[in-house]
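A look at the structure
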Amino acid sequence: MDLIKIAEEAFKVERELPEFGAGDTISVSYKIKEGNKERIQVYRGVVLQVKGSGENKTATVRKMSGNIGVERIFPINSPFIEKIEVNKRGRVRRARIFYLRALTGKKARIKERRF
Amino acid sequence: MPGLIGKKIGMTSVFSAEGKSCPCTVIEAGPCYVSQIKTIENDGYEAVQLGYADKKEKRTTMPLQGHFKKAGIAPKKKLVEFSDFEQELELGSEINVELFNDALFVDVTGISKGKGFQGVVKRHGFGGVGQATHGQHNRLRAPGSIGACSTPSRVFKGMRMAGQTGNKTATVQNLQVLKVIPENNLLLVKGSVPGAKGSYLIIEK
């Protein structure tokens with residue numbers, strides 16, 4: 001198991017990404033390739049879950065586009081991700097907040113965490 | 001072919017230079033030690049026998065103990081012959097994973113995971129016969145017809161049927177080398193290799 005970690009380390013690119021968890025609202029800036037042009041798009045939504053560890057960590061981010069829910073799974077350490085910004089810290093009681101999918105409108109609000 | 005003996009450690013996924021996620025097998029390759037050099041005068045062909053993975057001397061038979069003593073190395077679990085090494089090798093010299101520093105692709109041989117006695121659907125990818133419903137029963141994973149009637153009144157040789165699956169030597173050719181880490185004797189290749197974790201592999205350039 002340790003040798004696998006060493007192998008993963010060898011491909012690691014040092015960069016700083018903020019810590020976040022379920023319930024937080026984040027904006028992910030990711031690069032899109034169109035032909036040979038590259039541009040950056042921002043996706044902002046609520047984190048439903050953070051899965052995996054190390055280089056294989058992923059985050060499921062949900063946003064409402066109009067009245068349709070959109071979910072995207074981002075590999076956090078992908079080189080295509082330019083930066084991640086935490087906009088809001090949410091107070092939730094569990095690590096996976098899938099119940100949010102069934103809620104809309106006022107019920108789908110998440111209380112902000114105060115420090 | 002020049003090569004090394006190694007051990008499968010496991011799989012992971014890494015991001016390639018283009019930013020794509022790609023499957024990666026971690027192999028501990030070497031260090032291997034030369035246990036015998038075969039020459040045309042003595043053996044009729046040229047080859048280099050390499051040994052990998054130490055074992056206890058008391059678990060080694062007397063004839064093998066002599067064999068290893070001649071080479072001046074500790075007893076090894078696995079012995080494999082290779083040929084066409086670029087540099088001149090001496091008895092007892094070490095070869096490590098740096099052999100693959102300039103290799104783009106390697107071939108990996110191992111023993112595939114045993115699946116036991118399996119039917120044709122798993123073993124050869126047959127589609128099975130017919131439907132699961134509409135009154136059909138007991139033919140779902142059957143092979144179907146295995147030949148014609150009175151001509152030729154036998155089943156042709158090589159007809160694909162049920163039988164032992166896996167636990168057989170298998171080679172995967174042209175696996176891309178992703179990285180060589182000499183400090184830990186690691187070789188990272190793209191894609192999967194035959195066998196279970198911890199099984200021995202033969203890696204050829």
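Just so it is clear, the model here is predicted, and its values are computed rather than measured. (Residues numbered from 1 in each chain as written. Chains lettered and ligands numbered in written order. Predicted model: local features only at pLDDT ≥ 70, side-chain atom pairs only at ≥ 80, totals over all residues. Heavy atoms only, no water.)

**Notes on the sheet that holds strand β4 (residues 47-54) of chain B**
All names here are of chain B.
- If you trace the four strands from one edge of the open sheet to the other, you get β5-β4-β3-β6, paired in antiparallel fashion. The sheet is open, and its two edges are formed by β5 (76-82) and β6 (94-95), each paired on a single side.
- Looking at chain direction, strand β3 (residues 32-38) and β4 are connected through five bridges and run antiparallel. By the bridge assignment for β4, Ile37 is matched with Val48. (Pairing = 2+ DSSP bridges. Helix = DSSP H or I, 4+ residues; strand = E, 2+ residues; numbered from the N terminus.)

**Quick word on the sheet that holds strand β2 (residues 21-29) of chain B**
- Taken together, six strands build a closed barrel; the order of strands is β1-β2-β11-β10-β7-β12 (chain B) and the barrel is antiparallel. The average angle at which neighbouring strand axes cross in this sheet is 50°, direction not considered.
- Where strand β10 (residues 169-181) of chain B lies against strand β11 (residues 186-190) of chain B, four bridges are found, and the strand directions are antiparallel. Bridge pairing links B:Ile181 to B:Leu186 in β11(B).
- Sitting on the sheet, helix α1 (residues 2-10) of chain A touches β1 (3-15), β2, β10 and β11 of chain B, and the angle it makes with β1(B) is about 60°. (Axes fitted to C-alpha atoms, helices over the stretch in contact; angles between N-to-C directions. Contact = heavy atoms within 4.5 Å.)

**Regarding the packing of aromatic side chains**
- All told, the structure shown has four aromatic pairs over all chains when counted by the stated rule.
- With a centroid separation of 6.1 Å and an interplanar angle of 90°, the aromatic rings of B:Tyr52 and B:Tyr200 are classed as edge-to-face. Pair noted here: B:Tyr52 is in strand β4 and B:Tyr200 is in strand β12 (residues 200-204), with a separation of 148 residues, a long-range link.
- With relative accessibility at 6%, the residue B:Tyr52 sits in the buried group.
- Of the aromatic side chains, those joined through ring pairs into one cluster are A:Tyr30, A:Tyr43 and A:Phe74.
- We note A:Arg72 situated over the ring of A:Tyr30; from NZ or CZ to the ring centre the distance is 4.5 Å. (Phe/Tyr/Trp six-rings, centres within 6.5 Å; stacked < 30°, edge-to-face > 60°. Buried < 20%, exposed > 50% of the residue type's maximum accessible area, 1.4 Å probe, protein only. Lys NZ or Arg CZ within 6 Å of the ring centre and 35° of its normal.)

**Details of the interface of chain A and chain B**
- The interface of chain A with chain B comprises 14 residues on the first partner and 17 residues on the second.
- Of the roughly 1300 Å² buried between chain A and chain B, counting both surfaces, carbon and sulfur atoms make up 73%.
- Per-residue buried area on chain A facing chain B is highest for A:Leu3, A:Ile4 and A:Phe11; these three make up 44% of the total on that side.
- Across the chain A-chain B interface, the total number found is zero salt bridges.
- If you look at where chain A meets chain B, you find one residue pair in polar contact (both at pLDDT 80 or more).
- Along the lines of polarity and charge, the residues of the side of chain A that touches chain B split into nine nonpolar, three polar and two charged. (Buried area = accessible area lost by both parts, 1.4 Å probe. Salt bridge = Lys/Arg side-chain N within 4 Å of Asp/Glu carboxyl O. Polar contact = N/O pair within 3.5 Å; in protein donor to acceptor, adjacent residues only side chain to side chain. Nonpolar A, V, L, I, M, F, W, Y, C, P; charged D, E, K, R; others polar.)

**Quick look at the pattern of salt bridges**
- Throughout the structure, instances matching the rule amount to nine salt bridges over all chains.
- Residue B:Lys38 is joined to B:Glu81 by a salt bridge in which the shortest nitrogen-to-oxygen separation is 2.7 Å. Of this pair, B:Lys38 sits in strand β3 while B:Glu81 sits in strand β5; the two residues are 43 residues apart in sequence, bridging distant segments of the chain.
- Look at B:Lys38 and you get buried, because its relative accessible area is 15%.
- Through salt bridges with shared partners, a single ionic network connects A:Arg62, A:Glu71 and A:Arg101.

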